[in-house]
Amino acid sequence: MLDLASLSELLSQPRKIVITTHHKPDGDAMGSSLGMYNYLIQQGHHAKVIAPTDYPEFLNWMPGNGEVIIFTENRDLSATLIADAEIIFCLDFNALSRINDMGPLVGESKAYKVIIDHHLEPEDFDDYRHWDINACAAAQLVYTFIVGQLQHPELINKDVATCLYTGIMTDSASFRLPNTTSEVHRIAAHLIDAGANNSRIHELIYSSSSENRLRFLGHCLANCLEILPEYNTAIMSVSKADIAKFDVNTGDTEGIVNYALSIASVHLAAFIVERSDKVKLSLRSKNEFPANEICKKYFQGGGHRNAAGGQSDESLEATVAKFKSILPEYKTLLLQ
Ligand code: 5GP
Ligand code: MN
């Protein structure tokens, strides 16, 4: 691993830079990437954000969004940019498998690779690392990278601040999760002072549902929720037919799992959805329960202790049955 001080030196003249983030980017993935982008372009770098896939509409308003390249829609251009890059920033992910077919291209590129992330156990593909699992968001780490490492607080302009605030707000579940420290609030305060309109950002993210999305939420709550009181666990399972009926788009399922976790007695909530090619799981937990362990051990996934995800190649019914069959192993922890 190289010393971050030499990265500072590398960045002291204009470079060809690619910024990328994980599959199906969320608010932190796009907020941290566009925050970094808006910082780098002020320094004259030739920077491009390449997202491995599309992302929800409620994220498409951030400054710089119009310049984002979606890999699945622009494979040739993406491959050229990745091969020609001098530096690749890998934000909010810890393993090349999280960027799908882009993984081998990034792995083989001669560029210096920089991980800025808060997930456990990063894979060893990077040359530089600004990594802290205690950070509430990758956007928090982009902030400490710019302000602490690179000593450029004056370059936190309105655009940078808007994107980083969005990442911190979404990944901390609106400043609610236990990793929302006083330091996170101090950073948020600086971002607001630098021009982030916190109230407007909240509205753009959380009050921009389509009618379908709200009706789909109603359907999930009324018809798809199963409570297992003996395990303090809730499961919401959603079929392909439901997805088609409510015309569910990328991002429309985001956050629905939190409604299941909002029941006082529920310590673990699973949202299990049948997609076209696989079944996807989103787990959320309270307190010390390690949702990521279940995802890693049984569902080819991972994540954070209280927010994790994975997948299954089996049917929806078989996946739900598998999830239930795992609960006895965790019964003691779930009943704590
Ligand atoms: P979500 O439930 O919102 O899809 O994901 C929650 C968190 O779990 C993400 O921030 C990410 O860290 C992690 N995660 C989700 N899906 C996967 C996956 O398939 N593999 C891995 N390693 N992590 C995932
Ligand atoms: Mn994140």
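Small disclaimer: the values here were computed from a predicted structure and weren't measured. (Residues numbered from 1 in each chain as written. Chains lettered and ligands numbered in written order. Predicted model: local features only at pLDDT ≥ 70, side-chain atom pairs only at ≥ 80, totals over all residues.)

1. Quick look at the pairing of strand S4 (residues 87–91)
Step number 1: Among the 5 residues in S4, 5 count as buried, and that is most of the element.
Step number 2: Along S4, one buried face is formed by Ile 87, Phe 89 and Leu 91 and the opposite face, lined by Ile 88 and Cys 90, is buried too.
Step number 3: Two strands pair when backbone bridges link them, and strand S1 (residues 16–21) and S4 are joined in this way by 5 bridges, in the parallel orientation. Paired with Val 18 across the bridge in S4 is Ile 88.
Step number 4: Judged from the 5 bridges that link them, S4 and strand S5 (residues 112–117) form a sheet pairing that is parallel. When the sheet's bridge partners are listed, Ile 87 is paired in S5 with Tyr 112.
Step number 5: Once you follow S4 into helix H4 (residues 102–108) and on to S5, the crossover reads as right-handed. (Buried ≥ 20, exposed ≤ 12 C-beta atoms within 10 Å, placed from the backbone. Helix = DSSP H or I, 4+ residues; strand = E, 2+ residues; numbered from the N terminus. Pairing = 2+ DSSP bridges. Right-handed = clockwise from strand over helix to strand, strands pointing away.)

2. Focus: the site of ligand 1
Step number 1: The full set of residues close to ligand 1 is Asp 26, His 119, Ser 282, Gly 301, Gly 302, Gly 303, His 304, Ala 307, Ala 308, Gly 309, Gly 310 and Gln 311.
Step number 2: Put simply, the parts of the chain that give the shell around ligand 1 at least two residues each are strand S11 (302–303) and strand S12 (307–312).
Step number 3: By residue number, the principal contributor to the shell around ligand 1 is S12, which donates 5 residues.
Step number 4: The class makeup of the residues in the shell around ligand 1 is 2 nonpolar, 9 polar and 1 charged. (Near = placed C-beta within 6 Å. Nonpolar A, V, L, I, M, F, W, Y, C, P; charged D, E, K, R; others polar.)

3. What about the sheet that holds S1?
Step number 1: Spatial strand order, S3-S2-S1-S4-S5-S6: 6 strands in an open sheet with parallel pairing. The sheet is open, and its two borders are formed by strand S3 (69–70) and strand S6 (128–131), each paired with just one other strand.
Step number 2: The strands touched by helix H2 (residues 27–42) are S1, strand S2 (46–51) and S4; relative to S1, the strand with the most contacts, the crossing angle is about 165°.
Step number 3: Against the sheet, helix H5 (residues 138–149) contacts S4, S5 and S6, and its axis sits at roughly 120° relative to S5. (Contact = placed C-beta atoms within 7 Å. Axes fitted to C-alpha atoms, helices over the stretch in contact; angles between N-to-C directions.)

4. A closer look at the UniProt feature "domain: DDH" (unreviewed entry) in the protein
Step number 1: Mapped onto the present numbering, the UniProt feature "domain: DDH" (unreviewed entry) falls on residues 16–168.
Step number 2: For residues 16–168, helix accounts for 37% and strand for 19%, while the C-alpha atoms at its two ends are 27 Å apart. (UniProt positions renumbered as here; feature names shortened; annotations may be inferred.)

5. Re the packing of H5 against helix H6 (residues 158–171)
Packed helix pairs are characterised by how far apart their axes lie and by the angle those axes make with each other.
Step number 1: Where H5 meets H6, the closest approach of the two axes is 7 Å, and the angle between their N-to-C directions is 140°. Considered as vectors, H5 and H6 are oriented oblique to each other. Counting all contacts with H5, which are made through Ala 138, Ala 139, Gln 140, Val 142 and Tyr 143, the residues of H6 involved are Leu 164, Gly 167 and Ile 168.
Step number 2: Per-class residue counts for the contact of H5 with H6 are 6 nonpolar, 2 polar and no charged. (Parallel < 35°, antiparallel > 145°, perpendicular 65-115°, else oblique.)

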